[in-house]
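Geometric and topological summary
Residue-level listing of the chains:
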Amino acid sequence: LNEVLRAVGSRLAVTVLHDRAFFEALATTEKDFIPTSDYRTYLDRLAESEICFMPLADTPFNRTKSDLKFIEAAACRTVPLASPVVYEQSVTDGESGLIFRSPDALRMQLLRLLAYPEAARRLADAARDRIAAGRMLAYQVETRLDWYRALWARRDELTASLRDRVPDLFA
């Protein structure tokens, strides 16, 4: 990332939310730090951005995360530039965002976005269209209600199973 920042100079400005150490490590003066803030501020700043950088190391913890950042970036028409951990299931590389698997791939993908802003906008639009077509909560209400009803119907069985697995919860 710093290699690209040095190469493109003021053509790329970076906004970092929450992660002060990451912010400090960026080799550019074209950067802005936002402390942890409310959700509206986060979404407003995301919507002002063109690219959303979503790197996740391949760890057991990260593999349990959701793709919420992809949904938020797509809703804001911001190009997802993501690692394959979590996001490979949501981002279709080259269609609804870009996936990078190595530092070299990150460099190339980022330079590609900077060189072809119209292509970047198409990726952002495609990501937003994907979310609008299938990931809106309104499309999930019936399925979710059915799931909750099934949990309620099986509550005695599930509680007994939980009691067997973690008896200290019931002490």
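Look up a bit, the structure's there.
Residues numbered from 1 in each chain as written. Predicted model: local features only at pLDDT ≥ 70, side-chain atom pairs only at ≥ 80, totals over all residues. Heavy atoms only, no water.

Focus on the environment of Leu81
The condition is simple: Comment: elements are numbered from the N terminus, with helices defined as DSSP H or I runs of at least four residues and strands as E runs of at least two. In this analysis, two residues are considered to be in contact whenever any of their non-hydrogen atoms come within 4.5 Å of each other.
Looking at where Leu81 falls in the secondary structure, it is placed in strand 4 (residues 79–82). As a C-alpha pair, Leu81 and Pro167 span 86 residues in sequence and 44 Å in three-dimensional space. The contact partners of Leu81, leaving out residues within four places of it in the chain, are Ile51, Cys52, Phe53, Met54, Leu98, Phe100, Leu106, Gln109, Leu110 and Leu113.

Some details on the packing of aromatic side chains
Aromatic rings in a pair are described by how distant their centres are and how their planes are angled relative to each other. Quick note on the threshold: Side-chain rings of Phe, Tyr and Trp, where Trp is taken by its six-membered ring, are said to pair if the distance between their centres is within 6.5 Å; with planes under 30 degrees apart they count as stacked, over 60 as edge-to-face, and otherwise as tilted. Exposure is judged per residue with a 1.4 Å probe applied to protein chains only, and the accessible area is read against the type maximum: over 50% gives exposed, under 20% gives buried, and values in between give partly exposed. Either the NZ atom of lysine or the CZ atom of arginine qualifies as a charge over a ring when it sits within 6 Å of the ring centre and within 35 degrees of the ring normal.
Under the criterion given, the structure shown has five aromatic pairs. Judged by centre distance (5.4 Å) and plane angle (55°), the ring pair of Phe23 and Phe33 falls under tilted. Highlighted residues: Phe23 in helix 2 (residues 20–25) and Phe33 in strand 2 (residues 31–34), separated in sequence by 10 residues. Across the pair, exposure class does not vary: Phe23 and Phe33 are buried alike. Between Tyr39 and Tyr42, the ring centres sit 5.8 Å apart and the planes meet at 35°, which makes this aromatic pair tilted. A residue pair is termed a helical-turn pair when its members lie 3 or 4 positions apart in one helix, as Tyr39 and Tyr42 do in helix 3 (residues 39–47) at three residues. Through a chain of ring-to-ring contacts, three or more aromatic side chains come together here, namely Phe22, Phe53 and Phe100. The lysine or arginine in question, Arg155, covers the ring of Trp152, its NZ or CZ lying 3.9 Å from the ring centre. We note Arg163 situated over the ring of Phe170; from NZ or CZ to the ring centre the distance is 4.5 Å.

As for the pattern of salt bridges
Note the threshold: For this document, the term salt bridge refers to a Lys or Arg side-chain nitrogen within 4 Å of an Asp or Glu carboxyl oxygen.
Considering all chains together, one arrives at 13 salt bridges under this definition. Between Glu88 and Arg101 there is a salt bridge; the shortest N-O distance is 2.2 Å. On the criterion of sequence distance, the pair formed by Glu88 in the loop between helix 6 (84–87) and strand 5 (98–99) and Arg101 in the loop between strand 5 and helix 7 (103–115) is long-range, its members being 13 residues apart. Assessed through its relative accessible area of 36%, Glu88 is described here as partly exposed. With a shortest N-O distance of 3.4 Å, Asp104 and Arg107 are connected by a salt bridge. Remark: Arg107 and Asp104 occur in helix 7; sequence separation between them is three residues, near one turn of the helix.

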